[in-house]
Amino acid sequence: MDEITYAQAVNAALRRALVEDSSTVLFGEDVALPGGVHGVTRRLRREFGERVFDTPISESAILGGAVGAAIMGLRPIVEIMWADFAFVAFDQLINQAANVRYVSRGRLTAPMTVRTQQGATPGSCAQHSQNVEALFAHIPGLRVCLPATPQDAYDLLLTAIACDDPVVVIESRALYHSVKGTVEQDRPRAPVGGARIHRTGSDISVVTWGPMLHTVLEAAQVLEGSGVSVEVIDARWLNPFDTDTVAESVSRTGRLAVVHEANLTGGFGAEVIARVVERGMPLSAPPLRIATDDLRIPAAPGLQQAAIPSRDAVVRQLLSVCAPGVAA
Amino acid sequence: MSHSSSETALADLAGLWRIRCFEETVTRLRVEEQIAGSVHLCIGQEAIPVGACAALDLTRDAVFATYRGHGWALACGAGPAALFAELLGRETGTNGGRAGSAYLSDPDHGFYGENSIVGAGGPIAVGAALAARYDGSGRVALTVFGDGAMNQGAVHEAMNMASAFDLSVVFLVENNRYSELTPIAAMVRDADLVTRSAAYGMPGTRVDGNDVDAVRRAVAEAVDTCRSGRGPVLIEAHTQRLVGHYIGDAQVYRPRDEVELARTTEPIVVLTAALRAAGVSDTELTGIETRVRAEIETAAATALAAPPADPSAVKEHVYG
Ligand SMILES: Cc1ncc(C[n+]2csc(CCOP(=O)(O)OP(=O)(O)O)c2C)c(N)n1
C-alpha cells in the first residue's frame, strides 16, 4: 500500500463520503475550484460538481447554512479555514447547531461536520495559531475529535460525517504535508469515540492529542534511553472522551500526565486529570499538565518555541515526575 | 503639471517605490526563509495607501488595515527597518516579533494595525470614531479591507452602526477582484460594491485605485465629510495585485494574461509616464527609484543585524 499524506487522507475520506452518500455536500471558502488553501479538497469539485462549492467569506452563513441544510436532510461537510475564524460565527455552532436535537427532543437533528485546522506554525500570527479544542469540547451537543495520523485523519472524518450530531473535526495544519502513512480505506466506519494507545509503557501514562502526539512519542523515545517507560495515549476524541482506556492505563502505571498545545488554564488536560482522579485511582506522583503557557501566541519562531512545549521540555517534565533527581 | 503638484507627484512616486522595494525585499527574505510564515504583499496596490495617508492627519487620525498592510504601515510613516525587523522576528520590530507580517502595528504613527481576521477592523474603527465623540480630537478612523471582506457580517454591522450614529469612519475597500483564490464576482450578485453605501444611507465613491492623486482626492473629500459630522463614507478603490494572494501562491485561478495586462496600468507605470509626459527627466525618475532602493536595502540590513526577539520576555504583556 502506498503511503499518503495526512492531507491526502482527508481528501480520500471526503471523496468516499461524497461517493457513498448522495446527501453529502461540501462547502467553504476556497474549497471547490481552488481545492483548498492547503490543497486538502483538491479535485473534489471536478468529480462531484455542484455538491462541492465555494462560499463568500461569511462564516456565519457557512455554519448556519450547514445547520439549516442538515435539519432538512442533507449531510453537510463545511470547512472553517482556520479554527480561529470560527469565533466570528460561534453563534451558529453553539447556540444553534448544538441545540437542535435537545430542544426538539430529537424530532430534528443537525448531522453536520465542521472541518477546521489549528495550531501554531513558524510565523503564524496570534489570530492564526490558537488551539481551541477545549472551547468546543465544553459545549454539550457537539462532538469533537482531533486526528493525529493519516489513518485517523481518514477514519475519524468518516465517522464524523456518519454521525447524526454536529461534529467538529480539528485537523492539524502542521501535519497536513509533513506526515505520511499507509491508510486502509475499505474498513467499515468506526463508531464515535475511542482513544488509541500508540506505545505501551509501565512508568507513566501520557495522554495527548493532535500534533503533540508526535512530540510526545519522540520524548518517550528519548526517555527510554534514561530507563523511563512511557505509555502514550492519543485521546483522538475529546467528546466523547474515553476515560476507561486512560484509567486502565493509569491503573498499571500509577502516574498520569497530559500534554497539549492549547493553553494551560481551562485546557482539556484539566478535564482528563479530573476524570481519572474522580475514579479514585491511586497515583504515586501528582498528575502533571504540560501545556502552552497562558499567553497569546507570538509570531516569531523563537518566541513560539519558548511558549509551546517542545520535545525537550516534555522530556524534562516527565522525568521530574518519574525519576526525580535524574537530569534530562 | 504645476510646480507644486509636480513636487507632490514626485513625492508620491517615491512613496510608491518605497512600498514596492520593501515588498520586493520581503519576497527575497521570505524565499530565503529568513522570514517565516504567510506573507501577503500589496505589490500593485501601493497607490491606495500612499494616496489615502496623504489625505489623513496621522497625528490624530487612525488607520485600521488588514494582513495586506505593509504598504499602509509605511505610508503612515512606520520605519522600514522596524517593519523588516518585525517580519524577521527581531527584538527591534514594531511589535518585538509578537505580531509578524499579518498583525503588526505602529500606533505612534496612527497605524493601529493590521488584522488577520477578515473584516475585523470595521467594528474597531467604529469604536475609534465613537471615542472621538468624547475626546474632542476630531479624529477620523479609516478602515481598509478587501472586496471579500464585504461579505463578512462584522463589516455590515460596522457600516450600519457608523451610519446610524453619523460616525467619522472612512470605509475603504481595496477591490483587487479576488477574495483569496476566488473571484469576487462569483461571490456577490452585484460586483459593484460601492452601491452598498446607499443601503446604509452614506455617501459612496468609486475611484481608480492605481491613481495616487485620485485616491488622495477621494479620501480628502471623505475626511471633510467626516470632520463636518456627516460621516461615514464608503470608498471603493479598484486595483489589482501583481502577485499572488500570499508569497508562494501559484495563481492558477487567474487568467494567464491578466497579470501581464495589469502591469501596464499599475501605479508606478502610470505615474512615471505622467511625470515623463510633464517633462520630468528620466535621470530624475530613475534617481528616485535608486535612492529609495538604497534606503530600503539599508533598512533591511539594519533589521537583519538586530538581535532575535528575547524568548525570556515571551510571557510579558499578557496583562498590565
Ligand atoms: C474571518 C476570516 N475568514 C477567513 C479568513 C481567511 N482569509 C484570509 S485573506 C482572505 C481573503 C480576503 O479577501 P479580500 O477581503 O478580498 O482581501 P484581499 O486578500 O484580496 O486583500 C481569506 C478568506 C480570515 N483571515 N478571516
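The rules behind these values
- Residues numbered from 1 in each chain as written.
- Chains lettered and ligands numbered in written order.
- Predicted model: local features only at pLDDT ≥ 70, side-chain atom pairs only at ≥ 80, totals over all residues.
- Heavy atoms only, no water.
- Helix = DSSP H or I, 4+ residues; strand = E, 2+ residues; numbered from the N terminus.
- Buried < 20%, exposed > 50% of the residue type's maximum accessible area, 1.4 Å probe, protein only.
- Contact = heavy atoms within 4.5 Å.
- Areas by Shrake-Rupley, 256 points an atom, 1.4 Å probe, with all protein chains shown as cover.
- Lys, Arg positive; Asp, Glu negative; His and termini not counted.
- Charge placed at Lys NZ, Arg CZ, Asp CG, Glu CD.
- Disulfide = S-S within 2.5 Å.
- Salt bridge = Lys/Arg side-chain N within 4 Å of Asp/Glu carboxyl O.
- Phe/Tyr/Trp six-rings, centres within 6.5 Å; stacked < 30°, edge-to-face > 60°.
- Near = heavy atom within 4 Å.
- Polar contact = N/O pair within 3.5 Å; in protein donor to acceptor, adjacent residues only side chain to side chain.
- Nonpolar A, V, L, I, M, F, W, Y, C, P; charged D, E, K, R; others polar.
- UniProt positions renumbered as here; feature names shortened; annotations may be inferred.

Student: Sorry, what's going on with the overall build of chain A here?
Tutor: When helices and strands are tallied, chain A shows twelve helices and 14 strands. If one aligns the C-alpha atoms of chain A with their principal axes, the spans along those axes are about 60 × 45 × 40 Å. A buried classification covers 61% of the 328 residues belonging to chain A. Partitioning the contacts of chain A with sequence separation of at least 6, the portion at a separation of at least 24 is 82%. If you sum the accessible surface of chain A, you get close to 12600 Å²; carbon and sulfur atoms cover 51% of it. Positive and negative side-chain charges of chain A, numbering 28 and 35 respectively, have mean locations separated by a distance of 3 Å.

Student: Honestly, the state of the cysteines in this entry has me stumped. Any pointers?
Tutor: All names here are of chain B. Enumeration according to the criterion identifies zero disulfides over all chains in this entry. With no disulfide partner, C21 has as its closest neighbouring cysteine sulfur the one in C42, 12 Å distant. C21 gets classed as buried once you look at its relative accessible area, which sits at 1%. Free of any disulfide, C42 has its nearest neighbouring cysteine sulfur in C53, separated by 11 Å.

Student: Hey, could you run me through the pattern of salt bridges in this one?
Tutor: Any two side chains of opposite charge can pair, so long as their charged atoms come close to each other. Summed over the entire model, instances satisfying the criterion amount to 37 salt bridges over all chains. When the shortest N-O distance is used, the salt bridge between E271 of chain A and R275 of chain A registers 2.8 Å. Taken together, the positions of E271 of chain A and R275 of chain A, both in helix 10 (residues 268-278) and four residues apart, correspond to about one turn of that helix. Salt-bridge contacts for R139 of chain B lead to D135 of chain B; the nearest nitrogen and oxygen are separated by 2.9 Å. For R139 of chain B, a relative accessible area of 17% translates into the label buried. Of the residues examined, D135 of chain B reaches a relative accessible area of 40% and is grouped as partly exposed.

Student: Sorry if this is basic, but what is going on with the packing of aromatic side chains here?
Tutor: Geometry of an aromatic ring pair is reported as the spacing of the ring centres plus the angle between the planes. Under the defined criterion, the tally for this structure stands at ten aromatic pairs over all chains. Judged by centre distance (5.3 Å) and plane angle (65 degrees), the ring pair of Y178 of chain B and Y253 of chain B falls under edge-to-face. Taken together, the residues span a long stretch of sequence, with Y178 of chain B in strand 4 (residues 178-179) and Y253 of chain B in the loop between strand 7 (233-238) and helix 9 (258-262) at a distance of 75 residues. Of the residues examined, Y253 of chain B reaches a relative accessible area of 18% and is grouped as buried. Taken together, F87, F90 and F136 of chain A form an aromatic cluster joined through their ring pairs.

Student: Can you walk me through the site of the ligand in this structure?
Tutor: Near the ligand, the surroundings consist of 21 residues, among which E59 of chain A together with Y67, R68, S116 and G148 of chain B are the closest. More than one chain lines the surroundings of the ligand; the residues nearby belong to chains A and B. Between a nitrogen atom of the ligand and a main-chain N or O atom of S116 of chain B, the distance comes to 2.8 Å. For the ligand, a nitrogen atom lies 3.1 Å from a polar atom in the side chain of E180 of chain B. Considering the ligand on its own, with 580 Å² of exposed area, one finds that the protein chains cover 98% of that surface. Split into classes, the residues belonging to the shell around the ligand amount to eight nonpolar, eight polar and five charged.

Student: Please clarify how the environment of T245 of chain A should be interpreted in this entry.
Tutor: Residues and elements named next belong to chain A. Mapped onto the elements, T245 comes out in helix 9 (residues 243-253). Distance from T245 to I233, taken between C-alpha atoms, is 8.5 Å for residues twelve residues apart in sequence. Discounting chain neighbours no more than four positions away, the residues touching T245 are A195, I197 and I233.

Student: Please explain the UniProt feature "domain: Dehydrogenase E1 component" (unreviewed entry) in chain B as it appears in this structure.
Tutor: With numbering aligned to this structure, UniProt lists the feature "domain: Dehydrogenase E1 component" (unreviewed entry) at residues 18-311 of chain B. Along residues 18-311 of chain B one finds 43% helix and 11% strand; the C-alpha atoms at either end are 32 Å apart.

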